[in-house]
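Reading the structure
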Amino acid sequence: MKTILSLLSLLLLLPPCRAQFSPATDTTGGKRGAYHLVLTAGAGPSRYGTAIGIPPAWQRTEGNYAGTSFTIRAMWHPDHRFRTGLETGLTSFYSYKGTVDGEVASVKVSAIPILLIYQMPLAWYKGSERSFWRRMAVTVGTGAYLIRSQLSNKGIVNSQEISAGWLAATSYTQPLSNSLRLAVEARWLNPTATQESDFSLQAQVLWRIFSW
Amino acid sequence: MTRAFCYALVGLLTSWAVGCRPVYEAPIPYDSSNKPGTGLFRPAIRRSLDGVYAVSGGGGQFGREVSLKWSYVHDGTDTVHAATILTGVDAGFFNLEINQSVDSLRLSGFWRTLVNQGTGQAALTVVRKRRGQLLPYQGPTLAGDTLALRGTFDTGTGSATQPITLTYLRPLNPKPFEVIAHRGGGRTADLLGVSENTLAILRRAARFGATGVEIDVRYTKDSIPVLYHDNRLNQRLVQKNGLSGGISDYTFEQLQNSFRLQYGEQIPTLEQALLTIVDNTDLRFVWIDAKFSGPMNRVQALQQRFNERARQRGRQLQIVIGLPSADAVDAYRALPNKANTPVLCELNPALVRELDASIWAPRWTLGPQTEEVKAMQAEGRRVFVWTLDDLRFLEKFSEQGNLNGILSNYAPAVAYYYYTTH
């Protein structure tokens, strides 16, 4: 386990190291550029990617793996390429319904991520500041998921569970103006303790709200 | 291009390293028939077989000495008998059933170790030794011959070909002592084929060498006492269904409808559990661990009802309520009538005396506490320790010989040290 964690730490350090030694177009060389605080809001469809466990006592069951995903993210975009920030939101994972003793019953499961996010534009791999690759970015996140569930059977029970987990995403960002951008992001959410995974595709609006 | 390939490779390898978790699996290689009847194993023969045996063969994986103890499960008029052989190595044990399809005293089943993943099938025949010769045994008189069990086992290959012989040495240690199996008989994590804190594990507890069980009791939202260990409903204990929360968030009906334990069982009520113990098993001690918050009346009523039921049936069974916390002590204090409510206190000796608990049960990590143990026993109380799973300390505590019982997830190891003590 220690070996895996060490390997992961090294891999996380690899992109910034690469950025440090990028060609002359890299803004880390010479005069420092501006720092920005960027607020992102996104929404889109999602698909639950793991088996759901419908209780065997339930009959005429029907599972729904499709849902919606909403995200709010605050990111620090420095003058180099290694961005970091915080993310939260709401993703509906899945729901199922059926009958128990002749009565309709249902379960809904959703998650609120609370993640520390790292993001890196792919320009460190190929291309220049204004190229397609500069607009592509990979994002990873780690933190906690608040898994919320609701049982509706002989009354309603709302419960929640905290699960450690991570996120991996890739995005393309199209500039609209100096402070506004539009992005599309493919995301994979993975709360590990509760053995869930969810894929989503989001349209995002990025707003550079503050620079210094 | 080469660089892109390298990065993709690193990513794939990382995903593989993180994603490939080891699968811990020690399957039980033998489906118990649970067939009632004794075949040729009459009561006198079964009694004659209880004892400590010397081991020859087996390649050392079962140690030099083992102990054999019979247990049974009643179902109405049917009784299923099973022989448990406790090996003392890695909390190992054999579970053997009467093979009624042969015309000799033959036992078939499996062996397991709880500490690692050792398992395999085994078949043994009861014989008598006379001047080195092995002869058929019809028992129970031996006329100077020595009792032995001879047979074969495998190490998971499915072909029981390795020879083993057990030769009778002496009777089991007769000193009163309780071998208390944690969570009703064993943990779900130990892959025993049934979930912890279920009716199924209670029926098997004696097969692991237990003389008693500890069960964990919580209240549902509608105040039904049920068996469940953890604070939360989680995937360690229940099958995935998307739901979470605590037992007390759900009514009993909701739990029955929507939750299954890891091996598919329903969460049982305390009433069902005590009924199973009294009517179906030969266990003689029940430790109800009060993990609930709230009044103790319902648990007390069940304790009294089933203690009385056991007495009426001539069973030597004691049901006690364990007090693990200040909350549980307060709930006990709040009972309007404490008559016929034996309790076990896990807290300090002063509190044990104040509550007049019949048993003091300190955590084993507090050490031997020799003087306190002596003082408690001088006052007529018994002393148990919990939850002792470290085999080295288990051996030390057993050698010390001053305790009245040990609670463990490794009941076979506790039972081995108890029964083989001279």
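Residues numbered from 1 in each chain as written. Chains lettered and ligands numbered in written order. Predicted model: local features only at pLDDT ≥ 70, side-chain atom pairs only at ≥ 80, totals over all residues. Heavy atoms only, no water.

Structural notes on the overall build of chain A
Let me state the cut-off plainly: Strands here mean DSSP runs of E at least two residues long; helices mean DSSP runs of H or I at least four residues long; both are numbered from the N terminus. Burial classification: accessible surface area is computed with a 1.4 Å probe over protein chains only, and a residue below 20% of its type maximum counts as buried, one above 50% as exposed, and the rest as partly exposed. Contact criterion: two residues are considered in contact whenever any of their non-hydrogen atoms come within 4.5 Å of each other. We get accessible surface area from the Shrake-Rupley algorithm with a probe of 1.4 Å; when it comes to residues, only the shown protein chains can shield them.
Across its full length, chain A carries 2 helices and 9 strands. For chain A, the sequential pattern of α-helices and β-strands runs α-β-β-β-β-β-α-β-β-β-β. Relative to its 212 residues, chain A shows a buried fraction of 40%. For chain A, contacts bridging at least 24 residues in sequence account for 62% of all contacts bridging at least 6. With an accessible surface of roughly 11,000 Å², chain A has 65% of that area assigned to carbon and sulfur atoms.

Topic: the overall build of chain B
As a reminder, the rule being used: To get the radius of gyration, use the C-alpha atoms; to get the globule rule, take the number of residues to the power 0.38 and multiply by 2.2 Å. In this tally, Asp and Glu contribute negative charge and Lys and Arg positive charge; neither His nor the terminal groups of the chain are included. Every charge is mapped to an atom, namely NZ of Lys, CZ of Arg, CG of Asp or CD of Glu.
On a plain count of helices and strands, chain B comes out with 11 helices and 18 strands. Here chain B has a C-alpha radius of gyration of 23 Å; the compact-globule value for 422 residues is 22 Å, and the two agree. Seen through its principal axes, chain B has C-alpha atoms that stretch 80 × 65 × 45 Å. Every one of the 422 residues in chain B was classed for burial, and the buried ones make up 55%. Within chain B, contacts between residues separated by at least 24 positions form 59% of all contacts whose residues are at least 6 apart in sequence. Computing the positive centroid from 45 side-chain charges and the negative centroid from 38, chain B places the two 4 Å apart.

Comments concerning the packing of aromatic side chains
We count it as follows: Note on ring pairs: Phe, Tyr and Trp rings are taken, using the six-membered ring of Trp, and paired if centres are within 6.5 Å. Classes follow the plane angle, with under 30 degrees stacked, over 60 edge-to-face and the rest tilted. Remark: a charge is flagged as sitting over a ring if the NZ atom of Lys or the CZ atom of Arg is within 6 Å of the ring centre and within 35 degrees of the ring normal.
If you walk through the whole model with that rule in mind, you get 27 aromatic pairs over all chains. An aromatic cluster is defined as three or more aromatic residues linked by ring pairs; in this entry it consists of Y48, W58, F93, Y94 and Y96 of chain A. Lying across the ring of Y332 of chain B, K338 of chain B places its NZ or CZ 5.7 Å from the centre. Directly above the aromatic system of F393 of chain B lies the positively charged group of K396 of chain B, at a separation of 5.3 Å from the ring centroid.

Concerning the packing of helix α5 (residues 270-280) of chain B against helix α6 (residues 297-312) of chain B
Residues and elements named next belong to chain B. Put simply, the test is: Orientation is described by lines fitted to C-alpha atoms, with helices fitted over the stretch in contact, and by angles between N-to-C directions that extend from 0 to 180 degrees. When an angle is under 35 degrees it counts as roughly parallel; over 145 it counts as roughly antiparallel; between 65 and 115 it counts as roughly perpendicular; any other value is oblique. Note: crossing handedness is left-handed where the near helix turns anticlockwise from the far helix by less than a right angle, and right-handed where it turns clockwise. Any residue outside Ala, Val, Leu, Ile, Met, Phe, Trp, Tyr, Cys, Pro, Asp, Glu, Lys and Arg is labelled polar, Gly included; the first ten of those are nonpolar and the last four are charged.
In contact at an axis separation of 10 Å, α5 and α6 are set at 15 degrees when each is read in the N-to-C sense. Put simply, α5 runs roughly parallel to α6. Crossing hand, α5 versus α6: right-handed. Listed contacts from α6 to L270, E271, L274, L275, V278 and D279 of α5 are V299, L302, R305, F306, R309 and A310. Split by residue class, the contact of α5 with α6 holds 8 nonpolar, no polar and 4 charged.

With respect to a nonpolar patch on the surface
All names here are of chain A. To keep it simple, the criterion reads: In this analysis, a patch consists of residues with relative accessible area above 30% that form no salt bridge, clustered at 9 Å for like charges and at 5 Å for the nonpolar side chains Val, Leu, Ile, Met, Phe, Trp and Tyr. A pairing counts as a salt bridge when a side-chain nitrogen of Lys or Arg comes within 4 Å of a carboxyl oxygen of Asp or Glu.
Together, L37, L39, I72, L176, L180, L182, V205, W207, I209, F210 and W212 make up a nonpolar patch on the protein surface, roughly 1,000 Å² of accessible area in all. For the nonpolar patch, the secondary structure elements donating two or more residues are β1 (36-48), β8 (180-191) and β9 (198-211). Sort the elements by how many residues they give to the nonpolar patch and β9 lands first, with 4 residues. You can see L37 is positioned in strand β1.

Focus: the environment of T139 of chain A
Residue and element names in this part refer to chain A. Keep this limit in mind: In protein, a polar contact requires one atom able to donate a hydrogen and another able to accept it; more generally it is a pair of N or O atoms within 3.5 Å, and residues adjacent in sequence count only if both atoms are side-chain atoms.
Its location among the elements puts T139 in strand β6 (residues 136-152). Taking the C-alpha atoms as reference, T139 lies 8.7 Å from P121; in sequence the two are 18 residues apart. Dropping the residues within four chain positions of it, T139 is found in contact with R73, I117, Y118, Q119, L167, A168, A169 and E185. Here the side chain of T139 touches Q119 through a polar contact of 3.0 Å, side chain to side chain.

What to know about the layout of surface pockets
Residue and element names in this part refer to chain A. To be explicit about the condition: The way it works is a 1 Å grid over only the protein atoms, where trapped points that fit a 1.4 Å probe form a cavity and open points with protein on both sides within 12 Å along at least five of seven lines form a pocket, and then any residue with an atom within 4 Å of a point lines it. Grid points are joined across faces, edges and corners, and a volume is the space filled by probe spheres set on the points.
Reported here for the second largest pocket is a volume of approximately 810 Å³. Lining the second largest pocket are 33 residues; nearest its centre among them are H77, R83, R134, R181 and R208. When contributions to the lining of the second largest pocket are tallied by element, the ones reaching two or more residues are β1, β3 (66-77), β5 (103-121), α2 (132-135), β6, β7 (156-175), β8 and β9. Take the lining of the second largest pocket: its biggest share by element is 4 residues, from β9. Within the lining of the second largest pocket, the residues separate by chemical class into 11 nonpolar, 12 polar and 10 charged.

Examining the pairing of strand β17 (residues 382-385) of chain B
Residues and elements named next belong to chain B. Convention followed: In this scheme, strands are said to pair when DSSP sees at least two bridges between them. For a crossover, the right-handed case is the one in which the path from the first strand over the helix to the second runs clockwise, viewed with the strands pointing away from the viewer.
Pairing between strand β16 (residues 359-360) and β17: 2 bridges, direction parallel. Each residue of the ladder has a partner; that of I359, found in β17, is R382. Where the polypeptide runs from β16 across helix α9 (residues 370-378) and back to β17, its parallel neighbour, the crossover connection is right-handed. For β17 and strand β18 (residues 405-408), the ladder comprises 2 bridges, and the chain directions are parallel. Within β18, the position partnered with V385 by the bridge is I406. Running through helix α10 (residues 391-400), the crossover from β17 to the neighbouring parallel element β18 is right-handed.

Description of the pairing of strand β4 (residues 92-98) of chain B
Residue and element names in this part refer to chain B. Within β4, 7 of the 7 residues are buried, leaving the element largely enclosed by the surrounding structure. As paired strands, strand β3 (residues 78-86) and β4 are joined by 5 bridges and run antiparallel to one another. Bridging across to β4, I85 finds its partner in F94. From the end of β3 to the start of β4, which pair antiparallel, there are 5 residues, and G88 there has a positive phi angle of about 80 degrees. Relative to strand β5 (residues 106-113), β4 is paired through 7 bridges, and the arrangement is antiparallel. Bridge assignment links I98 to a residue of β5, and that residue is L107.

Focus on the packing of α10 of chain B against helix α11 (residues 411-420) of chain B
A pair of packed helices is characterised by two quantities: the angle between their axes and the separation of those axes. All names here are of chain B. Running from N to C, α10 and α11 cross one another at 30 degrees; their axes reach a closest spacing of 10 Å. Taken together, the axes of α10 and α11 are roughly parallel relative to one another. Viewed along their axes, α10 and α11 form a crossing whose handedness is right-handed. On α11, the residues touching L391, L394, E395 and S398 of α10 are A413, V414 and Y417.

Quick notes on unusual backbone geometry
Residues and elements named next belong to chain A. Positioned with a positive phi, R60 is a non-glycine residue whose angle comes to about 45 degrees. Note on placement: R60 falls in strand β2 (residues 59-64). Residue R60 is classed as exposed on the basis of its relative accessible area of 69%. Phi is positive for Q195, which is not a glycine, with a value near 55 degrees. Topologically, Q195 is positioned in the loop between β8 and β9. Since its relative accessible area comes to 45%, Q195 is described here as partly exposed.

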